[in-house]
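Tertiary structure, described
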Amino acid sequence: MIEDILTVFWRDWIVLKRRLTKFILSRTVAPILYLVAFGFGLGKNISVDNGTYIDFLVPGILALNSMNISFNSITPVHAERVYHKSLEEYILAPISSTSFVTGKISAAILRSMISSSMILILAFLFGAKLNLSIVFIGVLILNSIIFAGLGFIAAMTIKTYEEMSQVNTYILLPMSFLCGTFFKTTTLPEGIRFFIEILPLTHTSYLLRGLANNFEVSLMSLIVLIIYAAAIFFLSIKSFDRQLK
Amino acid sequence: MIEIKNLTKKFENKIAVDNISFKINRGEIFGLLGKNGAGKTTTIRMLTLQTKSSSGEIFYNRNSVINNEIEVKKLIGVVPQHINFDQDLNVYENMELHAKLHHLKKSERQQRISELLEYVELGDVSNENVRKLSGGMKRRLLIIRALIHRPKILFLDEPTVALDPQVRRKIWELIKNLKLQGVTIILTTHYIEEAENLCDRVAFLNHGKLIAIDTPKNFCTKFEKNSLEEVFIELTGDKI
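Counting restarts for each chain, with residues numbered from 1 along the sequence as it is written. Chains carry letters and ligands carry numbers; both start at the beginning, A for chains and 1 for ligands, and go up in the order they are written. The predicted origin of the model limits local features to residues at a pLDDT of at least 70 and limits the giving and counting of side-chain atom pairs to 80 or more, whereas totals for whole chains, interfaces and linings rest on all residues.

Runs of E in the DSSP output that reach at least two residues are strands. Runs of H or I that reach at least four are helices, and both are numbered from the N terminus. Within chain A, the secondary structure is distributed over 11 helices and 2 strands. We compute the radius of gyration over the C-alpha atoms and compare it with the globule rule, which gives 2.2 Å times the number of residues raised to the power 0.38. Taken over C-alpha atoms, the radius of gyration comes to 18 Å for chain A, in line with the 18 Å a tight globule of 245 residues would show. With respect to the principal axes defined by its C-alpha atoms, chain A has extents near 60 × 40 × 35 Å. A buried classification covers 43% of the 245 residues belonging to chain A. Two residues qualify as being in contact provided that their C-beta atoms, derived from the backbone, are within 7 Å of each other. Expressed as a percentage of contacts within chain A between residues at least 6 apart in sequence, the contacts between residues at least 24 apart total 82%. Three classes are used. A residue is buried when 20 or more other C-beta atoms lie within 10 Å of its own, exposed when 12 or fewer do, and partly exposed in between, with C-beta atoms placed from the backbone.

Dropping the structure here:
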């Protein structure tokens, strides 16, 4: 099983290695803009919880960036399934669905972590003071699993490329702005807030911010993320199995 | 070697394969013939576990495929009708991915890939992206990719579709050589000439049903016809 996971991962690594410079450069543009526009421009004179806005902002950017990167890293599987039909290679191979899904999600995690590292380097250059820990990295990985898994399920179930891009517009984009990334969810109206606080990105933002700024964090948020990750991983495997219908 | 019993595949409002049963013997080239939409590809997809049957059973070496999928996948090689390479990988990497997925050790992998690429005269393009290959090259690559793990049974779904006669004959030679090596071959085609040239036995499918099965020679003798095409017309009242 490990050998099969590594094979699936190897394929994505080959492709990433070939485009690594382009990948890093293209994934650095949006975070720089967020840091400059919101961190320096808008947030220069803002203080949140007795800290600077940039210290508040960077964990939010990390959360939304790892969501976007992990989701979009796995969506080419949609083209492999619908257009190129190269997914058949894996369906015909003597490997389990779990191995395939794990390999794909692992590659998405790698991309997400490379991109997160770039943001952290930039953030430190911009003067952010953040406390990094193993749990902090663990939360980033959990967030990547959740959204890579969602990307995988979308890639396995959605029929056209246009519909795939709608997931970005109608699901990821609203979450990017509303799930405690740029401001606290406590400022939202009660009804919206209840809904927003169910979403996984809200818990990721909250945990990353708390851990990075040495605030006390709720264990419940971590449990919520673990449950999301486990459920989505399971559903990803089921969505791959459904290709055999 | 392969036995299918009462195999049926229903889609929402269509029966693609309708209660077919037959056996395929070890080492033979077995042809599935029929018009487009006759159920040839769906039958192959069920036999290769790419799609589940609605009812019926499939046996490989007398073992049901149910709960035996991984073992069956080790036995078979599949050449699809469409080109399904990984577009982000080059020729060698596509071969290597297949070899890794079938658990070939590194030393064997390299040797086997080089040997097969040379066999079909693709050694010079091993570092090219698959998108740059001609139609004939892609077809040859599809076939050797399916052979990397030395399958005992090879499925070829319309292996020479849209190829010029010269390349088609080259692929026929390749298929005949595989038979000599003991590989059991199941191929679908709507080129009658291809079936007459290659197949030990053929099965005619029409509207999802199996209408007849025999050797090309027996068909022609029994129906007093000169070609399988004429036999098919006699059986169905229609051309392939």
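So, on to the sheet that holds strand β9 (residues 201-206) of chain B. Residues and elements named next belong to chain B. Pairing between strands is defined by DSSP: at least two bridges between the two strands are required. Spatially, β6-β7-β8-β3-β9-β10 is the arrangement adopted by the 6 strands of the open sheet, whose pairing is mixed. Looking at strand neighbours, the two that pair on one side only are β6 (76-79) and β10 (209-214), the edges of this open sheet. Each strand of the sheet is rotated relative to its neighbour by a mean of 15°, with strand direction disregarded. Against the sheet, helix α9 (residues 228-236) touches β3 (29-33), β9 and β10, its axis set at about 35° to β9. Throughout, an axis means a line fitted to C-alpha atoms (over the contacting stretch in the case of helices), and angles, computed between N-to-C directions, take values from 0 to 180 degrees.

The subject of this paragraph is the environment of Leu198(B). All names here are of chain B. The residue Leu-198 is located in helix α7 (residues 192-198) in this model. Judged by the 24 C-beta atoms lying within 10 Å of it, Leu-198 falls in the buried class. Taking the C-alpha atoms as reference, Leu-198 lies 8.6 Å from Phe-30; in sequence the two are 168 residues apart. Excluding residues that lie within four positions of it along the chain, Leu-198 makes contacts with Ile-29, Trp-172, Ile-175, Lys-176 and Leu-187.

All names here are of chain B. Orientation of helix α5 (residues 135-147) relative to helix α6 (residues 165-180), taken along the N-to-C sense of each, is 10°, at an axis distance of 10 Å. In this view, α5 runs roughly parallel relative to α6, as classed from their interaxial angle. Across the interface between the two elements, Gly-136, Arg-139 and Ile-143 from α5 touch Val-167, Ile-171 and Leu-174 from α6. Across the contact of α5 with α6, the residue classes break down as 4 nonpolar, 1 polar and 1 charged. When describing relative orientation, an angle under 35 degrees is termed roughly parallel and one over 145 degrees roughly antiparallel, while 65 to 115 degrees is termed roughly perpendicular and anything else oblique. For this scheme, ten residues count as nonpolar: Ala, Val, Leu, Ile, Met, Phe, Trp, Tyr, Cys and Pro. Four count as charged, namely Asp, Glu, Lys and Arg, and the remainder, Gly too, count as polar.

Residue and element names in this part refer to chain B. Taken in spatial order, the 4 strands make up an open sheet running β2-β1-β4-β5, and their pairing is antiparallel. Taken across any chain shown, the strands that pair with only one partner, and hence form the sheet edges, are β2 (14-24) and β5 (63-64). Pairing analysis gives 5 bridges linking strand β1 (residues 2-11) to strand β4 (residues 55-60), with the strands arranged antiparallel. Among the inter-strand pairings, Ile-4 is bridged to a residue of β4, identified as Ile-58.

A few words on the confidence of the model for chain B. All names here are of chain B. Note: pLDDT gives the predictor's confidence per residue, expressed from 0 to 100. On average, residues of chain B score 90 in pLDDT, and 99% of them reach the 70 mark or higher. By mean pLDDT, the top-scoring element of chain B is helix α3 (residues 91-101) (96), and the lowest-scoring one is α9 (84). Across the predicted assembly, pTM comes out at 0.88 and ipTM at 0.86.

Our next topic: the nonpolar core. Residues Val58(A), Ile146(A), Ala148(A), Phe152(A), Leu33(B), Phe155(B) and Ile185(B) are the most contacted members of the largest nonpolar core, which totals 122 residues. Ranked by residue count, the leading element in this core is helix α7 (residues 134-157) of chain A, at 13 residues. With sequence-adjacent residues up to four places away left out, Phe152(A) is seen in contact with Ile74(A), Val77(A), Val101(A), Lys104(A), Ile105(A), Ser236(A) and Ser239(A). Only buried residues count toward a nonpolar core: Ala, Val, Leu, Ile, Met, Phe, Trp, Tyr and Cys, linked into one set through C-beta atoms within 7 Å.

What follows deals with the interface of chain B and chain A. Each side of the interface is counted separately: chain B has 23 residues, and chain A has 19 residues. Elements supplying a minimum of two residues to the side of chain B that touches chain A: α2 (69-75) and α3 of chain B. For the side of chain B that touches chain A, the leading source of residues is α3(B), giving 5 residues. The class makeup of the residues in the side of chain B that touches chain A is 7 nonpolar, 9 polar and 7 charged.

Moving on: helix α4 (residues 106-119) of chain B. All names here are of chain B. Between its first and last C-alpha, α4 extends 20 Å over 14 residues, near the 20 Å set by a 1.5 Å rise per residue. Of the surrounding elements, those touching the buried residues of α4 are α3 and α5. Looking one or two places after α4, you find Glu-121, whose phi comes out positive at around 55°. By this rule the span expected of a helix is its residue count minus one, scaled by 1.5 Å.

All names here are of chain B. Inspection of the sheet shows β4 paired to β5 by 2 bridges, in the antiparallel sense. By the bridge assignment, Tyr-60 is partnered in β5 with Asn-63. Between β4 and β5, which pair antiparallel and follow one another directly, the connecting turn spans 2 residues, one of which, Asn-61, has a positive phi of 50°.

It is worth spelling out unusual backbone geometry at this point. All names here are of chain B. Its identity as a non-glycine residue notwithstanding, Leu-49 has a phi of 65°, on the positive side. Its location among the elements puts Leu-49 in the loop between α1 (40-47) and β4. The class of Leu-49 is buried, set by 20 C-beta atoms lying within 10 Å. Positioned with a positive phi, Asn-67 is a non-glycine residue whose angle comes to about 60°. Relative to the assigned elements, Asn-67 resides in the loop between β5 and α2.

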